[in-house]
Amino acid sequence: MLHRVAAVLLALTLCAPIAVHAQAQKAPVREITQIKDNVYRFRNNFHFSVFAVTPAGIIATDPINADAAKWLKAELAARFNVPVRFLVYSHDHADHISGGEVFADTATIIAHEKAKRAIIGEKRPTAVPQLTFSDRLRLDLGDLTLEMYYLGRGHSESDIAVLIPEEKVLLMGCFFLEQGPLPFFGAQPVLDPDRWLEVLGSLLDGGVEIDHVVLGQHTVWPRERLVAVRDYIALLWSEVRKLDSEGVDFETTMARLPIPAQLDFIREGGASEDDIARFHRFEVTAMWRQLKESAAAMVEQAIGEGGAAFALLGKSMPLIIVVMTATLLVGGAPSQEERRQIAESLRSQVPLWPWLVGHALMYLVALGITVFVFNAKRGLSHPWLWIAAWAGSAGAFDKNHL
Ligand SMILES: [Zn+2]
C-alpha cells in the first residue's frame, strides 16, 4: 500500500510544477493592481506577489523572474519614486524568487533560513538573502510592520506567511494553491501539520485583522476562506490520526472521510468533482503517510539538518539520556588505569587513537540501539526503517536512498 501511495504522490508532485512552468512560457501578462491603500499586487502570468509603499521605500515580495523584476522596478520608479528597501522571498522555488539581484542595489533581502540554504545549495538564479530567521521575524518600519511566520514544511521546506497588520494583508506565497490540494504539498516527504495549524491559529484566532489573503498563484482570498481551509486541515489531521490509532487501513480511512463542505469554494474556480475528489485524496494520503513513515521522515529531517543525533535530541531525549548515562557507567568514562595510559601516551608519543576510536564506536552503537528502541516503540514493522534510522545515526546514510 505504501508503495502505491508513494507512486501516486510522486506522479502528482512531478506533474503539477511542470504544468505551471509550461503555461508560464507564453508571452508575459504583467500588471499592478491596488489591494489596499498602500498595498499592491504584482502579476506576471500566473505568478503574483505583493508590495507595500511607504514614504521611506517599498517593501516587495517575490521578484518572480529577472525580466519581471526589471519591469516591476521600472514601474515602481515611475509610479512612486522611492527605492525598494526590503525584498522578501515567500519560499525558495525559482519560479517565484528568480531575479532578486535586480533589487539588490537598494534592498535588504529577507527569507527563511532554509530558503537561503536552498538558494545557495541549488544555485537558484537570484540574490542570496542577507537577513534570515527560523521561527518568526517582526520588522518595524515606521509606517508599516512586517510580520513573518515560518509555516513549516508543506509546499516547500521554506514557506513563510508575511503579514502587514496595518493594511490587514497576508501573503501566503504558494502554500495554498486554489486549484489544487490545500495545502499544495509539492515534493515534500515530511510535513508539519501541527506547525501549520499553530501558525494559522495564531493568525486567525489571535485577534489579528486580515481582509486580504494574497496567494502566490490564483485569486486573493477573503479571511473566511483561510478559516475554511484551516478547519479542513484540522479536521483531516485529527480524523486521520484517530482512525490510525484504531488500526483502520487507508481505504477505510478514505471512505470514512467524505469531502467536507469547506472545499465547496474550489468549484467556483472551475474545478470538477473529479478534481476535488483527487485533491481530497491527495491530502488524506499525505497525512496518512506522515503517520506511517514518521521514523524515516525523522531521520531524513535529522540528516537534512546536520545529523540524526541532533534531531533525535529533541524527540527522544529521555531515552538518549538513559542510554548515554548507561554507556558512560559501563565504560565510557576513562578509568584510572586508562587515564594513566592517556597521560603516558601524551608523554611518550604512544598513539591515542585506538582509545578514541573505540569510544567513538561505542557511542555510535549506543545511539543506534537508541534509535532502534525508539522506532520499535512507535510500532514500526518495516525492518528497512530502523536499518535506515541506524545507518542515519551512524552518519553513513545517504538520504537519497531513503
Ligand atoms: Zn513553489
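Residues numbered from 1 in each chain as written. Predicted model: local features only at pLDDT ≥ 70, side-chain atom pairs only at ≥ 80, totals over all residues.

Participant: Would you mind going over the overall build of the protein chain in detail, with residue names and values included?
Facilitator: Helix and strand content of the protein chain: 15 helices and 13 strands. Across the 402 residues that make up the protein chain, the buried fraction comes to 38%. Sequence-distant contacts, at least 24 apart, represent 61% of the contacts inside the protein chain between residues at least 6 apart. (Helix = DSSP H or I, 4+ residues; strand = E, 2+ residues; numbered from the N terminus. Buried ≥ 20, exposed ≤ 12 C-beta atoms within 10 Å, placed from the backbone. Contact = placed C-beta atoms within 7 Å.)

Participant: Describe the packing of helix α5 (residues 193-204) against helix α6 (residues 223-245), and please don't skip the residues or the numbers.
Facilitator: Running from N to C, α5 and α6 point in directions that differ by 145°, and their axes come no closer than 10 Å. For the crossing formed where α5 meets α6, the hand is left-handed. Listed contacts from α6 to P193, W196, L197, L200 and L204 of α5 are L226, V227, R230, I233, A234 and W237. (Axes fitted to C-alpha atoms, helices over the stretch in contact; angles between N-to-C directions. Left-handed = near helix turned anticlockwise from the far one by under 90°.)

Participant: Can you tell me about the sheet that holds strand β13 (residues 220-221), naming the residues and giving the values?
Facilitator: In spatial order, the strands read β8-β9-β10-β11-β12-β13; together these six strands make up an open sheet with mixed pairing. In this open sheet, the two strands that pair with only one neighbour each are β8 (136-140) and β13. One ladder, built from five bridges, connects β8 with strand β9 (residues 145-150); its direction is antiparallel. Of the residues in β9, the one forming a bridge with R138 is E147. (Pairing = 2+ DSSP bridges.)

Participant: Outline unusual backbone geometry, supporting the account with residue identities and numerical values.
Facilitator: Backbone geometry follows two general trends: most residues other than glycine have a negative phi, and most peptide bonds adopt the trans configuration. Positioned with a positive phi, N81 is a non-glycine residue whose angle comes to about 55°. Relative to the helices and strands, N81 is located in the loop between α2 (66-80) and β5 (84-88). Backbone geometry at K168 places phi at a positive 60°, although glycine is not the residue there. Tracing the sequence through the fold places K168 in the loop between β10 (160-164) and β11 (169-173). A residue is classified by how many C-beta atoms lie within 10 Å of it, and K168, with 16 of them, is partly exposed.

Participant: A description of the sheet that holds strand β6 (residues 108-112) should follow, citing residues and the corresponding values.
Facilitator: Across the sheet, which stays open at both edges, the seven strands sit in the order β1-β2-β3-β4-β5-β6-β7 with mixed pairing between neighbours. One side of each edge strand has no neighbouring strand; the edge strands of this open sheet are β1 (30-36) and β7 (131-133). Adjacent strand axes in the sheet meet at a mean angle of 20°, parallel and antiparallel pairs treated alike. In terms of strand pairing, strand β3 (residues 47-54) meets strand β4 (residues 57-60) through four bridges, oriented antiparallel. The residue of β4 that forms the bridge with V53 is I58. Packed on one face of the sheet, α2 meets β1, β2 (39-44), β3, β4 and β5 and runs near 55° to β1. Against the sheet, helix α4 (residues 113-121) makes contact with β6 and β7, and its axis sits at roughly 105° relative to β6, the strand it touches most.

Participant: Before we move on, can you summarise the nonpolar core with the specific residues and values?
Facilitator: Counting residues in hydrophobic clusters, the biggest one holds 71 residues, and the most contacted among them are F51, A161, L170, M172 and V214. Sequence-distant contacts of V214, that is, excluding residues within four places in its chain, are made with I35, R41, F48, V50, V169, L170, L171, M172 and V220. (Core = buried A, V, L, I, M, F, W, Y, C linked by C-beta atoms within 7 Å.)

Participant: Pulling in residues and values, what's your account of α2?
Facilitator: With 15 residues, α2 ought to run about 21 Å at 1.5 Å a step, and its terminal C-alpha atoms sit 21 Å apart, in line with that. Residues A68, A69, L72, K73 and L76 constitute the buried set of α2. For α2, the angular spread of the buried residues around the axis is 135°, confining them to a single face. Opposite the packed face of α2, turned more than 90 degrees from it, sit the exposed residues A74 and A78. Those residues of α2 that are buried lie in contact with β1, β2, β4 and β5. One or two positions beyond α2, positive phi appears at N81, with a value near 55°. (Expected span 1.5 Å × (residues − 1). Arc of directions from axis to C-beta.)

Participant: Run through the environment of K116, naming residues and quoting values.
Facilitator: Relative to the assigned elements, K116 resides in helix α4. C-alpha separation for the pair K116 and Q130, spaced 14 residues apart in sequence, amounts to 8.6 Å. Setting aside chain neighbours within four positions, we find K116 in contact with A111, V128, P129 and T132.

Participant: Now, about α6: what can you tell me, with residues and values included?
Facilitator: With 23 residues, α6 extends 33 Å from end C-alpha to end C-alpha; this agrees with the ideal 33 Å at 1.5 Å per step. Regarding α6, the residues found buried are L226, V229, R230, I233, L236, V240 and L243. Buried residues belonging to α6 abut α5, β12 (212-215), β13, α7 (250-256) and α9 (273-292). Two residues or fewer after α6 comes G247, characterised by a positive phi angle close to 80°.

That is the geometry; function is a separate question.
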